[in-house]
Structure formats: C-alpha cells, structure tokens
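Observations on chain architecture
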Amino acid sequence: MLQAETVQLLCLTAASGVPLFSRGSSKQLPFSVIGSLNGVHMFGAGQGVLLSSCETERGSRVVWRVFQDSLMLIAVSGSGNNTLSELHLRRLLENTWNCMVLVLGQDELANVRNVERLKRELRSCYRLIDRLLERSGEDQGFMGDLTHCADCLLPAQPGILQEALDSFTQAADSEFGCLLIRGRVALATEKWWRLAPQEVILLSTLANTLSGVTSCDYPVFLPHGSPTVAHRLLCFQLLPSAVVCVLCGPSPSLHRVESELVGGFWSPMAETLRGCLEQAERSALPPSVSLRWDVQALLLINRETRRSVVACPRAGSHAHSEAPPLSSPARRWELLRHFYTFAVTRYFTSEEVPASPTSPASPASSTPVTAHESLHEEFSGGFTHQPTQCYLVTDECKCYGLQTPQHQLYLITDLTVPTFALRSVATLTLSAVTGPTGF
C-alpha cells in the first residue's frame with residue numbers, strides 16, 4: 001500500500017463513505033483502495049462484526065474507528081519493521097477526532113447536514129492534524145500524543161512563575177491558565193490541570209501551531225468538558241518559544257489583556273523565563289536532577305496527575321570516561337516510544353484500555369477483530385497478578401519499565417549496564433527525579 005515509515009489518515013462519512021479529507025503521506029491512496037477500506041468495514045458491520053484493525057502480508061497496518069455514528073477515521077501505516085504500532089494508530093484516531101471537536105464542536109461533526117460545507121470547515125483542522133501526524137513519527141521529544149499525559153517541563157524556580165501565572169490568570173477574569181516553554185507545560189493553574197489530559201495536550205499543541213504570532217484569540221470547544229459550547233483561548237508570546245495561555249469566556253477582550261496585563265505581570269519575569277528556555281534546550285528536568293551516565297533516555301509518568309516528563313541527555317553531557325557514544329536523539333526517542341508501546345500492551349495493560357465500540361452493531365452480537373489481545377504475555381496458569389516491572393534487551397540498548405501506584409518509569413540504557421542491575425538503576429533514577437522535584 002504505502003512506503004515504509006509513512007502513515008495516511010482518512011476521514012469519511014460513516015453512512016455513505018464519502019471521503020472528507022486525507023492527510024499524511026504525500027502519495028495519496030487511490031480512490032479504489034479508499035473505497036475498499038470503507039467497504040470491508042461496512043461489510044463486517046452488516047454481518048455483526050466490528051472490524052477495528054488488521055495487518056497485511058507486507059506488514060502494513062490499518063485501523064478503523066467510527067465516532068458518533070457520523071464520521072469514520074481510518075489510519076493506514078506503511079510496511080516495514082519500523083511501522084507504527086496499533087496503539088500509535090488508535091491513539092492517532094482518537095487525537096484526530098478530539099482535534100476536530102476542539103476546532104469545530106461536536107454538533108457540527110455528529111450531525112452532517114451538508115457534506116461539501118463540512119469539507120471546507122475541516123480545512124481549519126489541517127494544521128493541527130498535521131502536527132499530530134508529525135509527532136507520531138518524528139523525534140521531537142513529545143510523548144503526549146501516545147501516552148495521553150501532558151508533556152511537562154520542570155522549571156528550576158517554579159514558585160515565582162506560578163505566582164505570576166495565578167495572578168495574571170485571575171486578572172484576566174479566568175481560572176484556567178498555563179505557561180508553555182518550548183511546547184511543554186511548565187506551569188498551570190489548578191483548574192487547568194483539572195481539564196482532561198487530552199484537552200491539555202491539544203490546547204498546548206494548538207498554541208504551538210501559532211508560533212510567530214504575538215497574540216491570538218481562538219474559539220475552542222473542549223472535547224470532554226464542553227464539546228458543544230465554545231470558549232476562548234487567548235495566547236500571548238512572552239518570548240520566542242515562551243507562551244502564556246488563558247481559557248476564558250466572552251470577556252475580557254484580547255486588546256485589554258495584551259495592552260494592560262501582559263507587560264505588567266510578565267516583564268519582571270523576563271530573566272526567569274530566559275532561564276527556563278535555556279533549561280528546556282538542554283532537558284525537561286531541572287539542573288538539580290543528576291542522571292546516571294549510562295541513562296540514554298527516560299519517560300516518567302505521574303499516574304495520578306496524568307503528567308509526564310521526558311529526558312534525553314545530549315551528546316557530551318556525560319563526563320564518564322567509560323560512556324560509549326550515544327545514539328542520535330532521533331533514534332533514542334524512537335526507541336522510547338517503541339518500549340512504551342511494548343510495555344503497556346503486554347504488561348502494564350491497565351494503562352491501555354481498548355476503546356469502546358462506537359459502531360451501531362450490538363455489543364452482544366458483535367465480535368471485535370483486533371490484534372490487541374494477541375500482544376498479552378502468556379503467564380502460567382493461576383499467575384494472575386498485575387506485573388509492575390519489565391525489561392527488554394535489544395542489539396542497541398537495554399530497556400526497563402517500572403510501575404508504582406503513583407508513577408511509571410520507562411528507561412533506555414546502553415548495553416554496558418548489566419541486566420541484573422537494571423532494576424536498581426531504574427529505582428535510583430526514579431528517586432533522583434522525584435526527590436528534588438516532587439513530581
């Protein structure tokens with residue numbers, strides 16, 4: 001179907017199969033293939049079968065999902081050993097739907113009255129959807145699209161910035177505000193953190209797509225909290241790659257906030273913000289966190305708050321004489337995403353709950369067709385506990401996953417670490433990060 005390491009996203013009307021848009025691969029699928037992908041799903045539904053995913057003989061993977069009995073999204077990955085996993089594609093479909101709701105609202109999508117008009121309106125989602133597609137395949141160090149946890153930066157001096165953010169948000173007649181540093185959430189108000197994690201991720205992504213704009217007033221729907229009533233997202237660029245966002249109602253005006261509030265609250269914070277930008281260029285972790293020389297990359301998730309932090313030490317940052325050359329950042333991000341997928345689909349399965357069917361077929365009569373169940377490890381009979389640790393040894397690196405009631409840690413180390421020491425390295429790394437930061 002497609003060349004290796006590509007993904008194509010299709011959107012069709014669920015009832016008639018009319019194509020609405022296609023994003024992703026530069027080589028578009030032929031109309032006959034799109035029709036076949038829609039037809040096989042419709043045929044299955046007619047036979048009482050919910051077709052959710054399949055894999056071709058050449059290694060391509062296809063994932064279907066119908067939303068609100070209105071629109072069907074299909075993700076098609078290219079063939080090859082590095083093709084995106086089913087988990088990646090299912091998350092991509094969910095993120096795309098939430099993106100469309102964020103921009104257009106659920107009513108517009110659930111009740112399609114005019115197909116041609118909907119096609120035109122969906123163009124306003126393309127920039128955000130394309131960013132989601134980029135993050136599914138590039139080495140930007142963002143994991144939220146896959147983990148559904150907010151990508152965070154842990155500032156070295158959070159107290160003074162948190163006070164400025166809370167005061168600024170209150171002065172803007174809102175309780176929802178956040179500060180983004182190089183695309184990551186550095187700080188947010190209490191009410192902002194109460195938004196659904198997917199909403200936090202999409203709002204951050206949307207603000208990042210507006211780079212180069214000093215200020216903007218953008219109407220948004222919250223896919224979980226307010227899918228039918230729009231709010232206003234106000235974004236202000238304080239410094240290049242430093243953006244403050246406020247979610248509010250009809251007031252105040254963009255001009256009033258920009259002219260009366262931004263300078264007064266954030267000008268005194270300029271040097272502190274520059275320090276955050278310099279930190280973010282090196283790592284999402286503050287200087288107080290010292291990682292072992294043999295740690296190549298890590299993903300730490302706070303399971304209670306659904307926030308995450310990712311670190312990938314830069315080449316030359318390890319002074320240890322025994323440290324081997326690090327692989328490229330691109331490869332380490334890729335390995336980290338693959339290991340996360342490996343762990344949550346085989347061991348930490350409580351974190352990955354399969355999506356509930358949205359097809360009109362009755363759950364009692366439908367039979368889901370999916371490869372998800374085949375990913376689970378076969379344990380001995382009677383061995384029923386939930387795994388809390390796992391490891392993986394490859395030709396490139398060693399990986400270790402650690403799960404506690406509050407955290408999940410995914411660690412990539414080089415091959416010099418003895419396999420029997422991985423658990424100790426992971427435990428020490430978890431303490432090294434959570435101790436100084438309280439994350």
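The rules behind the values
- Residues numbered from 1 in each chain as written.
- Predicted model: local features only at pLDDT ≥ 70, side-chain atom pairs only at ≥ 80, totals over all residues.
- Heavy atoms only, no water.
- Axes fitted to C-alpha atoms, helices over the stretch in contact; angles between N-to-C directions.
- Helix = DSSP H or I, 4+ residues; strand = E, 2+ residues; numbered from the N terminus.
- Parallel < 35°, antiparallel > 145°, perpendicular 65-115°, else oblique.
- Contact = heavy atoms within 4.5 Å.
- Nonpolar A, V, L, I, M, F, W, Y, C, P; charged D, E, K, R; others polar.
- Buried < 20%, exposed > 50% of the residue type's maximum accessible area, 1.4 Å probe, protein only.
- Polar contact = N/O pair within 3.5 Å; in protein donor to acceptor, adjacent residues only side chain to side chain.
- Core = buried A, V, L, I, M, F, W, Y, C linked by side-chain atoms within 4.5 Å.
- Pairing = 2+ DSSP bridges.

**Some words on the packing of helix H2 (residues 86–104) against helix H12 (residues 329–346)**
- Axis separation between H2 and H12 bottoms out at 9 Å; the angle between their running directions is 95 degrees. Taken as axis vectors, H2 and H12 run roughly perpendicular relative to one another. Facing Leu-87, His-88 and Arg-91 of H2, the residues of H12 in contact are Arg-337, Tyr-340, Thr-341, Val-344 and Thr-345.
- Residue classes in the contact of H2 with H12 are distributed as three nonpolar, three polar and two charged.

**So, the side chain of Ser-174**
- Here Ser-174 is to be found in the loop between helix H7 (158–171) and strand S7 (176–181).
- Judged by its relative accessible area of 10%, Ser-174 is buried.
- A distance of 2.5 Å separates a polar atom in the side chain of Ser-174 from the backbone oxygen of Leu-247.
- Setting aside chain neighbours within four positions, we find Ser-174 in contact with Thr-169, Val-246, Leu-247 and Cys-248.

**A word on the nonpolar core**
- If you look at the biggest cluster of nonpolar residues, it comprises 53 residues, and the most contacted ones within it are Phe-21, Met-100, Leu-109, Leu-122, Trp-192, Leu-233 and Cys-245.
- Excluding residues within four positions of it along the chain, Met-100 makes contact with Cys-11, Phe-21, Leu-71, Leu-73, Gly-105, Leu-109, Leu-122, Cys-125 and Ile-129.

**Focus on the sheet that holds strand S8 (residues 184–188)**
- Spatial strand order, S8-S7-S11-S10-S9: five strands in an open sheet with antiparallel pairing. This sheet does not close on itself; its edge strands, each paired only once, are S8 and strand S9 (215–222). The mean inter-strand angle of the sheet, taken between neighbouring strand axes irrespective of direction, is 30 degrees.
- Here strand S10 (residues 226–239) runs beside strand S11 (residues 242–248); their pairing, made up of seven bridges, is antiparallel. Paired with Leu-233 across the strands is Leu-247, a residue of S11.

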